[in-house]
Number of protein chains: 2
Amino acid sequence: MAVYTEVSDEALTAFLSAYEIGGLLSYKGIAEGVENTNFFLHTTQGSYILTLYEKRVREEDLPFFLNLMEHLATRGLACPQPIRNRTGTALGRLCGRPAVIVSFLEGVSVKHPGVDHCRALGGALARLHAAGADFGMRRENNLSVAAWRPLFAQAEPQADTVSPGLAARTRADLAALEAGWPRGLPGGVIHADLFTDNVFFIGDDLSGLIDFYFACTDAFAYDLAICLNAWCFEADGTFHANMAAALIAGYEGVRRLEPAEVDALPILARGAALRFLLTRLVDWLDVPPGALVQPKDPREYDRRLTFHRSARHARDYGWAP
Amino acid sequence: MAVYTEVSDEALTAFLSAYEIGGLLSYKGIAEGVENTNFFLHTTQGSYILTLYEKRVREEDLPFFLNLMEHLATRGLACPQPIRNRTGTALGRLCGRPAVIVSFLEGVSVKHPGVDHCRALGGALARLHAAGADFGMRRENNLSVAAWRPLFAQAEPQADTVSPGLAARTRADLAALEAGWPRGLPGGVIHADLFTDNVFFIGDDLSGLIDFYFACTDAFAYDLAICLNAWCFEADGTFHANMAAALIAGYEGVRRLEPAEVDALPILARGAALRFLLTRLVDWLDVPPGALVQPKDPREYDRRLTFHRSARHARDYGWAP
C-alpha cells in the first residue's frame, strides 16, 4: 500500500516518448499493491496502469508474466494487456526499475462476495486455464509443497507466539501433505493468487482478472483449491458451502474436473491453506518496527486448516457429481 | 501519502446511489495528500475524485472550501468542481468521514518548473483572485502573522537541534515581521498553498489548480509571495530571478499590482517563508517513530529567509515597473 518509487513528470514524459499511446494527461500513484509501485495513467488515447517492479519480483520472471498476460488477453480473457513500445518490447526501465505499461481494466473488487460472484469466478478461472493451454513458457511453482518445509523452518521457533500449538499443528499438516501430495494431475498455467482483490466486477458481472505475478505452471485443481480458501471462508474460519458449490459448479460449467482432481480436492485445499499460512506467518514474524505495510493475519489460515483436516471428500467442499 | 480510510465496494455503492453520476466502474486509492484520503473514481459518466476528510481538516471549514471551488469553477477557473447529490448538497458522509466528490482535472505537476510555467502560474493566480471577487464567504487566514508566535513557541526549545542558530534567527524574523506586517492591502480569496503539487499542466499549458484546503481571505500579494517562495527557489536556497520576474509579469498581465502591494512584496515574501518554516518545523519536531509520512525539511525555508532578509524592494524579486 505505497508508492515505493517516485516518478517525476520529466522521467515519465521521457519514458512515454518510446510508446505510441498518445500524450500524457495525468498520472497518480495508486495506494495498492504491496509488491510493486503502480500509477494510474491517462493519455490522450486512454487509461493505463504503469507498474514499476520493486525488489520482491524477480526480474528474470517478468518475461513469463508479461508474455502470459499478452497471450491470455489475445485469447479474449479480460486481463491487463502489456503495451509494447516502438521497438516491440513491453518491458522497459524507469527510475532504475523494470517498468511496464498495461491496459487499464474497469471493475471493482468485492469485499464480501456472494454465491453469484463465486459462480462467475469459477467460470473465469476455467477460461483462464483453457486460454493458457497453448502458452509456450513454463514457470515452476516456487511456493508449492517443496517450498513449505524451508518456509516453516524460518517460522517454527516463534510460531507458538502467534497462536498456542501452531508449531505442532503445522508440523503435522506438513508431514501429511508431503506424504500425500498428488502428482500428475491435469495442469498448465495457473493464476495461484486469485483473491478477491485480484478479481474485478462491474455490477454483478465479472469484468477482469489482474495481478499475474504469482502465475506459474501447476495443477489446475490447485488453483481452484486456492480460490476455495480465498473466497469461501470468513476470517473466523466459517465455511460457506453454498459459495464453494457455486465456485466449483461455475468452474465445471466450462471445464469438467477429472476423477483424480475430484479425489485430490481436499488435500489440495489443505495444501493451499498451508501455503498462505506459511507465507503470512513468515511475513508476520518479520515485520520491522514502523513498517509501512500491516501484514495479513496468518491465524485466518490456521482456522481454515481446522476445516480442511476434517474434510474427506470433494463433496465436503460442495462438489456435486 | 496514504489511504487513511478504507472504503469497501458496498459502502461506496451505497454512497453513490445518492448521486446522478452514473454507475461505478472502478476506484483506486491515490497515494497523495497528507491531509485527506483520495480515490480516483470512474463511473459510466466520467472521472472524479472522491475525498474523505481526515482529522486535520476542520469540518466547519468545509462549506467555505466547497462553495469556493464551486464559485470559481462556475466563473471558468479550471479547478475541481464539487458534485451535488440528488438532495442538492455536495458534502456527504462515507465511512464515518465527511466526503465529497469533485470533477477530475487532467494534468501533471511539474517537478522542475521553468520560466514559462511561472508566467502561466502568475496569470492563473490573478484570474483566481479576480474570480473570487464576488464570493460571499470569508475565512480568516489562521496561519498568518498572529499564528506565528504560538507556532514558534512549540518549536523554539528544539529549533537549534534542526539547524544551529535557527531559534535566534527565527526570533528576529518574527519580531521584524510582527512590527512591519502590512495592513489594508487589496485582498479577497487567496489559495495560500499554490505549490507545484497543486498546479497541473498538460504539455506547457496550465490545465488547473487543485487543493483549496488552505484557501482563506487575505491580501492578494501575499498569495503571490507564497508562489515566489514555492516556485522560484531551489531547495538549497538558490533564487531564480528570471522565474520570479515571469511569475510577477504573468500576474500583472491580468491584474496590476498597486504601489502599496509592490512596496510590501519583500516583507510578504519573508513572512510567507516564515509561515512555511514554522509549520514544517513543528511537523518535523513532532514526527512519531515509524510515521507513514516523511515530513518536509524546514531548513529549505531557513535558506530562503537568508535571501528575503537582504531583499529591499520588489525589484529584488524581479518586479519591473
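Remember, predicted model here, so these are calculated numbers, not experimental data. (Residues numbered from 1 in each chain as written. Chains lettered and ligands numbered in written order. Predicted model: local features only at pLDDT ≥ 70, side-chain atom pairs only at ≥ 80, totals over all residues. Heavy atoms only, no water.)

### Re the relation of the copies chain B and chain A
Our working definition: Each copy is superposed on the other by least squares, with the fit set by C-alpha atoms of residues at a pLDDT of at least 70 in both. Two residues qualify as a contact provided that any one of their heavy atoms is within 4.5 Å of a heavy atom in the partner residue.
For the pair chain B and chain A, the best superposition has an RMSD of 0.0 Å and corresponds to a rotation of 180 degrees with a translation of 0.0 Å parallel to the axis. Classification of the inter-copy transformation places it as that of a two-fold axis. Looking at chain B, 100% of its interface residues are interface residues in chain A too, so the copies touch through the same face.

### Re the packing of helix α6 (residues 220-231) of chain A against helix α7 (residues 241-252) of chain A
Residues and elements named next belong to chain A. Definition in use: Note on geometry: axes are C-alpha line fits, over the in-contact stretch for helices, and angles between N-to-C directions span 0 to 180 degrees. Each helix is a run of DSSP H or I of at least 4 residues and each strand a run of E of at least 2, with the numbering of both proceeding from the N terminus. Oblique is the label for every angle not falling under 35 degrees (roughly parallel), over 145 degrees (roughly antiparallel), or within 65 to 115 degrees (roughly perpendicular). Definitions for this section: a left-handed crossing has its near helix turned counterclockwise from the far helix by less than a right angle. A right-handed crossing has that turn clockwise.
Packing of α6 against α7 brings their axes to within 10 Å, and their N-to-C directions diverge by 150 degrees. The pairing of α6 with α7 is recorded here as roughly antiparallel in orientation. Judged by the twist between their axes, the crossing of α6 over α7 is right-handed. From α6, F220, L224, C227, L228 and W231 reach across to α7, where they touch M243, A244, L247, I248 and Y251.

### A short note on α6 of chain A
Quick note on the threshold: Expected span of a helix, by definition, is 1.5 Å for each gap between consecutive residues, and there is one gap fewer than residues. The rule is simple: take the accessible area with a 1.4 Å probe, protein chains only, and divide by the maximum for that residue type; under 20% is buried, over 50% is exposed, in between is partly exposed.
Helix length check: α6 of chain A (12 residues) gives 17 Å between terminal C-alpha atoms against 16 Å at 1.5 Å per residue, within 8%. Buried residues dominate α6 of chain A, accounting for 12 of its 12 residues.

### Describing the nonpolar core
Soluble, globular proteins show a tendency: their nonpolar side chains are buried together. The line we're drawing: Among the buried residues, those of types Ala, Val, Leu, Ile, Met, Phe, Trp, Tyr and Cys that are joined through side-chain atoms within 4.5 Å form a nonpolar core.
Membership of the largest hydrophobic core comes to 188 residues, with the highest contact counts inside it found for W148 and F212 of chain A together with W148 and F212 of chain B. In contact with F212 of chain A, other than residues within four places in its own chain, are F65, L68, M69, L72, L77, C79, P80, L128 and H191 of chain A.

### Quick word on the interface of chain B and chain A
Note the cut-off: Put simply, buried area is how much 1.4 Å-probe accessible surface two parts lose in total, over both of them, once they are put together. When a carboxyl oxygen of Asp or Glu is within 4 Å of a side-chain nitrogen of Lys or Arg, the pair counts as a salt bridge. Two N or O atoms count as a polar contact when they lie within 3.5 Å, although within protein this holds only if one can serve as hydrogen donor and the other as acceptor, and sequence-adjacent residues are included solely when both atoms are side-chain atoms. Each residue is assigned to one of three groups, with Ala, Val, Leu, Ile, Met, Phe, Trp, Tyr, Cys and Pro labelled nonpolar, Asp, Glu, Lys and Arg labelled charged, and all others, Gly among them, labelled polar.
Contacts between the two partners involve 30 residues from chain B and, on the opposite side, 30 residues from chain A. Together chain B and chain A conceal approximately 2600 Å² of surface at their shared face, both sides included; 60% is due to carbon and sulfur atoms. On the chain B side of the interface with chain A, the three residues burying the most area are L25, K28 and V108 of chain B, jointly 21% of the side's total. At the junction of chain B and chain A, the tally comes to 0 salt bridges. For the pair chain B and chain A, the number of links is 12 residue pairs in polar contact (both at pLDDT 80 or more). For the side of chain B that touches chain A, the element with the most residues is strand β1 (residues 24-30) of chain B, which contributes 7 residues. Its residues assigned to classes, the side of chain B that touches chain A shows 14 nonpolar, 9 polar and 7 charged.

### Details of the side chain of H71 of chain A
If you trace the backbone, H71 of chain A turns up in helix α2 (residues 62-74). In contact with H71 of chain A, other than residues within four places in its own chain, are A131, G132, D134 and F135 of chain A.

### Concerning the domain arrangement of chain A
All names here are of chain A. Quick reminder of the rule: Reported domain spans reflect what an automatic or database domain assignment gives.
When cut into domains, chain A gives domain 1 (9-104) and domain 2 (109-317). A straight line from the C-alpha centre of domain 1 to that of domain 2 covers 27 Å. Contact between domain 1 and domain 2 buries roughly 1800 Å² in total, counting both sides, with carbon and sulfur atoms accounting for 73%. It is F64, F65 and L77 that lose the most area in domain 1 upon contact with domain 2, and together they represent 31% of the buried surface on that side.

### What about the pattern of salt bridges?
Considering all chains together, one arrives at 38 salt bridges over all chains under this definition. We note a salt bridge from E300 of chain A to R304 of chain A, for which the minimum N-O separation is 3.9 Å. One end of the pair, E300 of chain A, and the other, R304 of chain A, are both in helix α9 (residues 299-310), 4 residues apart, so they sit about a helical turn from each other. Note that D61 of chain B is salt-bridged to R58 of chain B, the shortest N-O span being 3.2 Å. Residue classification places R58 of chain B among the partly exposed residues on the basis of a relative accessible area of 44%. Among the charged side chains, a salt-bridge network with shared partners connects R58, E60, D61 and R139 of chain A.

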